[in-house]
Amino acid sequence: MGSSCSVSWSSDLDHAAKEIKTQLATLEASITKSDLEIREHVARANIDPLAHQRALNSMKKKKLFEEQRRQLIGAQFNIDSLVFQRDQAKVTLNAVKALEKGTQKLRADQLQMDPGKVEDLCDDAAMLGDEMRAIGDSLAASYALGDWNDEAAEALDREYLSFDKQYAKLSAESNRITTSNSRLSMAAAATSSAALAAGKSPAASLAATALAGASPAALPSGFAPAASSVQRLLVGEH
């Protein structure tokens, strides 16, 4: 019944609005016609004795038509307001129905979700995440080093620094020996050249230079055997 009443009310409003619109158009035409009649009668007032009376009658009709038009315009405003309110009511009703259906659907969905179960699921997910991180750490650990901790890391750093210092010391010693060997080679070459120029034996000159400069024990480790050999050659010549 409510639906039929709503349809009837809506139809009545639309029908009334159409009738008012048609009647307003008719009144506008009548007003225009009366205005033309008034102009014609006023123009014939000098030749037609009844023109004045007819002009007055036309003016009265025009006033009547204008009053009816004013009333219909007011009625049309009321009808338009009702039509707007009807449309707004339809929109509001649809919104209420949608809200009601949405609330029912939300309630039905919420009944299918247990808050305690959801909390347990979140705890299980967090626990699984921790286990996966532990598994990843275990896979990334080096089993060859055994139990690895901060103390072991510090000990390894200290050992690395010790090796680094030893390597630096050995590098410096190697550079010193290389420099000494180069100088000794240059001195031996110069002595040999001088001995050849003087007509002496290069071996004897080299031995003399080695004995005059330093003993085999004082020479670098690379040239100590060479100095001993020179000394033996010198002893053999004498």
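Given the structure is predicted, the values throughout are model-derived calculations rather than measurements. (Residues numbered from 1 in each chain as written. Predicted model: local features only at pLDDT ≥ 70, side-chain atom pairs only at ≥ 80, totals over all residues. Heavy atoms only, no water.)

Draft legend 1. Molecular detail of the side chain of H41. Mapped onto the elements of the fold, H41 is located in helix α1 (residues 2-43). The class for H41 is buried, based on a relative accessible area of 17%. Setting aside anything within four residues of it in sequence, one finds H41 in contact with A51, R54, A55 and S58. (Helix = DSSP H or I, 4+ residues; strand = E, 2+ residues; numbered from the N terminus. Buried < 20%, exposed > 50% of the residue type's maximum accessible area, 1.4 Å probe, protein only. Contact = heavy atoms within 4.5 Å.)

Draft legend 2. Summary view of the pattern of salt bridges. Applying the stated criterion to the full structure yields 11 salt bridges. A salt bridge links D87 to R86; the shortest N-O distance between them is 3.3 Å. With a relative accessible area of 9%, R86 lands in the buried category. (Salt bridge = Lys/Arg side-chain N within 4 Å of Asp/Glu carboxyl O.)

Draft legend 3. Here's a closer look at the confidence of the model for the chain. Taken over all residues, the pLDDT of the chain has a mean of 76, while the share at 70 or more is 71%. The least confident element of the chain, judged by mean pLDDT, is helix α6 (residues 224-237) at 45; the most confident is helix α2 (residues 51-111) at 90. Predicted confidence for residues 210-227 stays below pLDDT 50, and this span has 15 contacts to residues more than four positions away or in other chains. Note that residues 229-238 has pLDDT below 50 and, in this model, 11 contacts with residues that lie over four places away or in other chains. (pLDDT = per-residue confidence, 0-100.)

Draft legend 4. Just the nonpolar core, in detail. Counting residues in hydrophobic clusters, the biggest one holds 9 residues: L13, I20, L24, L27, I31, F65, L72, I79 and V83. Considering each element in turn, this core owes the most residues, 5 residues, to α1. (Core = buried A, V, L, I, M, F, W, Y, C linked by side-chain atoms within 4.5 Å.)

Draft legend 5. Structural view of a nonpolar patch on the surface. A contiguous nonpolar patch, built from M132, I135 and L139 and spanning about 350 Å² of accessible area, is present on the exposed surface. Mapping I135 onto the fold places it in helix α3 (residues 115-140). Using a relative accessible area of 44% as the deciding quantity, one classes I135 as partly exposed. (Patch = residues over 30% accessible without salt bridge, like charges linked within 9 Å, V, L, I, M, F, W, Y side chains within 5 Å. Areas by Shrake-Rupley, 256 points an atom, 1.4 Å probe, with all protein chains shown as cover.)

Draft legend 6. Up close: the environment of K21. Take K21: it is sitting in helix α1. What makes K21 exposed here is its relative accessible area of 60%. Spatially, the C-alpha atom of K21 lies 7.8 Å from that of Q76, the residues being 55 residues apart in sequence.

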